[in-house]
Amino acid sequence: MRNRAVQAAAVVAIALSAGLGPVAIAFAVDPPAATSSVLVDTDSRVLGLTGVLNARDAGGYRTVDGHTVRTGLVLRTGDLSKATDADLAKLAALNVTSVHDLRTGYEQRLMGVDKVPAGATEHHDDIIGQAPPQVMASTLSAGTDLYRAFITAPGAGEGFANVLRDIADNPGGVLFHCTAGKDRTGWTSAVLLTILGVDKDTVYYDYLLSNYYRGAGDGDMMNGVTAAALDSAFDQVTKSYGSFDDYVRDGLKLTDADVAALKAKLLS
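Procedures and definitions
- Within each chain, residues carry numbers counting from 1 in the order of the written sequence.
- Reporting of local features is limited, given that this is a predicted model, to residues whose pLDDT is at least 70; pairs of side-chain atoms are given and counted only at 80 or more, and all residues count toward the totals for whole chains, interfaces and linings.
- With hydrogens and water stripped out, all remaining heavy atoms of the structure feed into the side-chain values.
- We define a salt bridge as a contact between a side-chain nitrogen of Lys or Arg and a carboxyl oxygen of Asp or Glu at a distance within 4 Å.
- In this scheme, a residue with accessible area under 20% of its type's maximum is buried, one over 50% is exposed, and one in between is partly exposed, where area comes from a 1.4 Å probe on protein chains only.
- A pair of aromatic rings is counted whenever rings of Phe, Tyr or Trp (Trp by its six-membered ring) have centres within 6.5 Å, and the orientation is called stacked for planes under 30 degrees apart, edge-to-face for over 60 and tilted otherwise.
- For helices the rule is a DSSP run of H or I covering at least 4 residues; for strands it is a run of E covering at least 2, with both sets numbered from the N terminus onward.
- As a reminder, the over-ring test applies to NZ of lysine and CZ of arginine, requiring each to be within 6 Å of the ring centre and within 35 degrees of the ring normal.
- With axes taken as lines fitted to C-alpha atoms, and helix axes fitted only over the stretch in contact, angles between N-to-C directions fall between 0 and 180 degrees.
- With respect to orientation, any angle under 35 degrees is reported as roughly parallel, any angle over 145 as roughly antiparallel, any angle of 65 to 115 as roughly perpendicular, and every other angle as oblique.
- By convention the crossing between two helices is left-handed if the near helix lies anticlockwise of the far one by an angle smaller than a right angle, and right-handed if it lies clockwise.
- A contact between two residues is defined here by any heavy atoms of the two lying within 4.5 Å.
- Strand pairing requires that DSSP identify at least two bridges connecting the strands.
- Among the buried residues, those of types Ala, Val, Leu, Ile, Met, Phe, Trp, Tyr and Cys that are joined through side-chain atoms within 4.5 Å form a nonpolar core.

Chemist: Would you mind going over the pattern of salt bridges in detail, with residue names and values included?
Modeler: Tallied over the full model, the rule gives twelve salt bridges. For arginine 249, the salt bridge identified is with aspartate 250, shortest N-O distance 3.1 Å. Residue arginine 249 is classed as partly exposed on the basis of its relative accessible area of 47%. According to the relative accessible area criterion, aspartate 250 is partly exposed, its value standing at 35%.

And the structure:
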């Protein structure tokens, strides 16, 4: 019973952290300093959805070997439960054919299930639903326990891998999201960009953009993110698997063919 109570309280906290109100307030802080590998500015990256926060294109970066991560193929957002009809029409026009919801079942019941564009396939990839109670209790602060659980929690690797394989194999656009679009979604994007060969500073730039799009000031972990949290996830990768490449192979269980397919689809 106590574990359920902790999980339920954590889900309420997640819901509160997502409830920033109209998207119009989301640009209350300055964006992080762009690196030389950022090819798409913040205004061009944003999707302009009115009922969905932190909605943006995941591409538009240069890799260390000179390729470009294509735009228009992978989108990352906050939850879609309040998406408007106009939002869904815009996502349909962007050819979103697959939506991955990284939330727990509790979050879905509390906040509402996804609204998805016509014809899109829905997937539920619960990342932290099997995490220990203390991890769930840390969700409000988005602390290091939560980020380390992205690597260690039962089912987490499978959930992230499902998204990445779908991106590789799906001929249409793929959208992934959690509640606020900043933590589980942020790690998914960090993993994807790192696999594609984007440099670390630019991966962190993409991650920290959540503060800009969500209007979160320094230290506001309810609404924003911090580099230290992402550090802890990469650190846990090293502790658990020895290297990022080994995490991809042994943790996410992506094959060389999976990685090659991701690069073939997303790199130009």
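What follows continues from the structure just given.
Chemist: Can you break down the packing of aromatic side chains residue by residue, with the values?
Modeler: If you walk through the whole model with that rule in mind, you get eleven aromatic pairs. Aromatic pair phenylalanine 150 and phenylalanine 160: ring centres 5.9 Å apart, planes at 80 degrees, arrangement edge-to-face. Placement of the pair is phenylalanine 150 in helix α6 (residues 144–152) and phenylalanine 160 in helix α7 (residues 156–169), with a sequence separation of ten residues. The two residues phenylalanine 150 and phenylalanine 160 agree in class, both being buried. Aromatic pair tyrosine 241 and tyrosine 247: ring centres 5.7 Å apart, planes at 55 degrees, arrangement tilted. Three or more aromatic residues joined by ring pairs form one cluster here, namely Trp187, Tyr204, Phe234, Tyr241, Phe244 and Tyr247. Positioned above the aromatic ring of tyrosine 106, the side-chain terminus of arginine 109 is 5.0 Å from the ring centre.

Chemist: How would you sum up the packing of helix α9 (residues 200–213) against helix α10 (residues 227–241)? Please name residues and give values.
Modeler: As a packed pair, α9 and α10 sit with axes 10 Å apart at the nearest point and diverge in direction by 125 degrees. Classified by the interaxial angle, the pair formed by α9 and α10 is oblique. Pair α9 / α10 crosses with right-handed handedness. Facing Val203, Tyr204, Tyr207 and Leu208 of α9, the residues of α10 in contact are Ala227, Ala229, Leu230, Asp231 and Phe234.

Chemist: Please set out the pairing of strand β2 (residues 74–77) residue by residue, giving values where relevant.
Modeler: Residues Val74 and Arg76 line one face of β2 and the alternating positions Leu75 and Thr77 line the opposite face, and both faces are buried. Where strand β1 (residues 56–57) lies against β2, two bridges are found, and the strand directions are antiparallel. Residue pairing in the sheet places arginine 56 in a bridge with arginine 76 of β2.

Chemist: Which residues make up the nonpolar core, and what values go with them?
Modeler: Membership of the largest hydrophobic core comes to 56 residues, with the highest contact counts inside it found for Phe150, Ile167, Trp187, Ile195, Tyr247 and Leu262. At the level of elements, α6, α7, β5 (173–177), α8 (184–196), α9, α10, α11 (244–251) and α12 (256–266) are the ones that each hand at least two residues to this core. Here isoleucine 167 is in contact with Val74, Val174, Phe176, Leu192, Leu262, Lys265 and Leu266, once residues within four sequence places are set aside.

Chemist: If you had to explain the sheet that holds strand β3 (residues 96–101) to someone new, which residues and values would you point to?
Modeler: The strand order β1-β2-β5-β3-β4 describes an open sheet built from five strands, whose pairing is mixed. Looking at strand neighbours, the two that pair on one side only are β1 and β4 (121–124), the edges of this open sheet. Looking at chain direction, β2 and β5 are connected through four bridges and run parallel. Bridge pairing links arginine 76 to phenylalanine 176 in β5.

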